[in-house]
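Topology and contacts: notes
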Amino acid sequence: MNLAIIGAQWGDEGKGKIVDLLAPHFDIVARYQGGHNAGHTVIIRRDGVEQKFVLHLIPSGITHPGKVCVIGNGVVVSPEALLVEMDELRAKGVEVNERNLLISNRAHLILPYHAALDRQIEAHRGGNAVGTTMRGIGPAYEDKMARRGLRVGDLTDPATLAEKLSTTGKQASRLLTSLGGEPIDEAKLIDDGLRWADKLAPHVAETAYFLNNAAREGKTLLFEGAQATMLDIDHGTYPFVTSSNSSVGGACTGAGIPPRLVGLTIGVIKAYTTRVGGGPFPTELDDDMGELIRARGGEYGASTGRPRRTGWFDAVIARYAVMINGLDALALTKLDVLDELDELKICVGYRIDGRETGEVPYDAGLMARAEPVYETWPGWKERTVGISRLEDLPARAQQYIRRLEELSGAPFGFISTGAERNETIIAADVLNRCGWELSV
Ligand code: IMP
């Protein structure tokens, strides 16, 4: 059975670990949206030595020999960032070649001027800045929708690539200077383009055909979501969102597969909440408790190093993510971060302008005014790091988990108690009920 792994909050839920844990059970791992704004951290112990990988563009499956990784058409690809990532993986002994890394010819390119535009546009937004990763994600998707973008497939035709880069480079320079920025160096852009073409062309493929043919032959697909439901351009806290469909619908358009091939959907959700960048965050803790969670959880951006905003678990969001993505199960992560707390709060609803609701408001202004309605639960005050059986968790931790599950409306198929693969509780009964036999 195929599977999609989706972020259920505002990103950084620990999708990388769950994808890494499950990758051995699939033949192909595919990314379908976002770009190198994502940062999936994977920690692997090989021959007793711990290795940390922070992947931005390449699916987390790449560290598993024999798996094919696909960068789908819905992804925006920075050739420079991709080449750096490929080199870093190779330097750590990971095989990356034209058989295990395929890039859709339809994926749009992020060019250096997109990052320059991202910076200028954010500066002009002033106090309403989105707090983007400054990677050029938004401007690249803008060009795609405006039908003037360059695509990965353009790298396979060096004869016309230079001409296309010259045209788009001139347009970008006009836009950049009108925003107070510097024009781009067109000659350098073309030189870089030809270098990228040379190195990346062997990886360029018809990935929609590849994925559909593979499925027909009985191969299994794992779809790796980046960012998360609340950052989805349609369903998130617009305009404080990313520029792609990071909820499950993106898997169909962004990989070129029909809905029935998505299979199961698993949402990854932290035992508390974090967010980076601007925008509403009802359960945010702007106090010592927030700082404690940040410190214990190492809540600093994998891509940008920015401190993440922290807060209590928000069941309104969890329920929304279950609905939008049709989540069959959830993977709860970072439970151990809460081990020392005396008590925990869970947001069960919002009070907005005096009215209580259990729904996510469409408007960021309304959401910013949402006061969380909390339940308080006692902490377990015991170490849970590395526990791999549900019954070995302290009774109060089990109680907290059961309540989160009840409020979210989807069962926990996985509970992560540490960064490493084996520091995970796998609820085989839940997965079996979803129609999935899994023995890890
Ligand atoms: P962009 O995707 O760089 O345009 O940023 C838009 C918003 O999405 C900002 O609030 C970013 O902090 C957030 N964002 C983008 N990628 C990630 C991610 O991988 N994890 C968490 N937040 C992200």
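Attention in this report is confined to the structure presented alongside it.

Here we come to the overall build of the protein. If you tally the helices and strands in the protein, you get 13 helices and 20 strands. A compact globule built from 440 residues should have a C-alpha radius of gyration of about 22 Å, and the protein, at 22 Å, falls within 12% of that. Seen through its C-alpha atoms, the protein measures out along the principal axes to roughly 65 × 50 × 40 Å. Restricting to contacts in the protein with at least 6 residues of sequence separation, those with at least 24 account for 75%. Only carbon and sulfur atoms are counted for the fraction: they give 49% of the accessible area of the protein, which is about 17,800 Å². Looking at charge distribution, the protein has the averaged site of its 48 positive side-chain charges lying 2 Å from that of its 58 negative ones.

Direction vectors running N to C along helix H2 (residues 79–91) and helix H6 (residues 186–200) enclose 45 degrees, while the axes themselves pass 10 Å from each other. Taken together, the axes of H2 and H6 lie oblique to each other. You can see that H2 and H6 cross each other, and the crossing is left-handed. Each of Pro79, Glu80, Leu82, Leu83 and Met86 in H2 lies in contact with H6, whose residues at this interface are Arg195, Trp196, Lys199 and Leu200.

A few words on the sheet that holds strand S5 (residues 68–71). On the basis of which strands lie adjacent, the open sheet formed by ten strands has the order S9-S7-S5-S2-S10-S1-S11-S15-S19-S20 and mixed pairing. Among the strands making up the open sheet, the edge pair consists of strand S9 (204–205) and strand S20 (424–426). Across four bridges, the pairing between strand S2 (residues 28–31) and strand S10 (residues 221–224) is parallel. Its bridge partner lying in S10, Ile28 is registered against Leu221. Against the sheet, helix H7 (residues 207–216) touches S2, S5, strand S7 (101–104), S9 and S10, its axis set at about 140 degrees to S5. Helix-sheet contacts for helix H12 (residues 395–408) involve strand S15 (329–333) and strand S19 (412–416), and the interaxial angle to S19 is about 140 degrees.

How each quantity is defined
- Position numbers for residues start from 1 in each chain and track the written sequence from start to end.
- pLDDT decides what is reported in this predicted model: residues at 70 or higher carry local features, side-chain atom pairs at 80 or more are listed and counted, and totals for whole chains, interfaces and linings draw on all residues regardless.
- In computing side-chain properties, one takes all heavy atoms of the structure into account and sets aside hydrogens as well as water.
- Helix and strand definitions follow DSSP, with helices as H or I runs of at least four residues and strands as E runs of at least two, each counted in order from the N terminus.
- In this description the radius of gyration comes from C-alpha coordinates, and the expected globular size is given by 2.2 Å times residues to the power 0.38.
- The contact definition used throughout considers only heavy atoms, calling two residues in contact when any of these lie within 4.5 Å.
- Each accessible area value is a Shrake-Rupley result obtained with a 1.4 Å probe; residue values ignore everything except the protein chains displayed when judging cover.
- Charge assignment: positive for Lys and Arg, negative for Asp and Glu; neither His nor the chain ends contribute.
- To locate a charge, take atom NZ for lysine, CZ for arginine, CG for aspartate or CD for glutamate.
- To define axes, lines are fitted to C-alpha atoms, for helices over the stretch in contact only, and angles between the resulting N-to-C directions are given on a 0 to 180 degree scale.
- Angle categories are assigned with fixed cut-offs, so that under 35 degrees is roughly parallel, over 145 is roughly antiparallel, 65 to 115 is roughly perpendicular, and the rest are oblique.
- Crossing handedness follows the turn of the near helix against the far one: under a right angle anticlockwise gives a left-handed crossing, and clockwise gives a right-handed one.
- We treat two strands as partners when DSSP finds at least two bridges between them.

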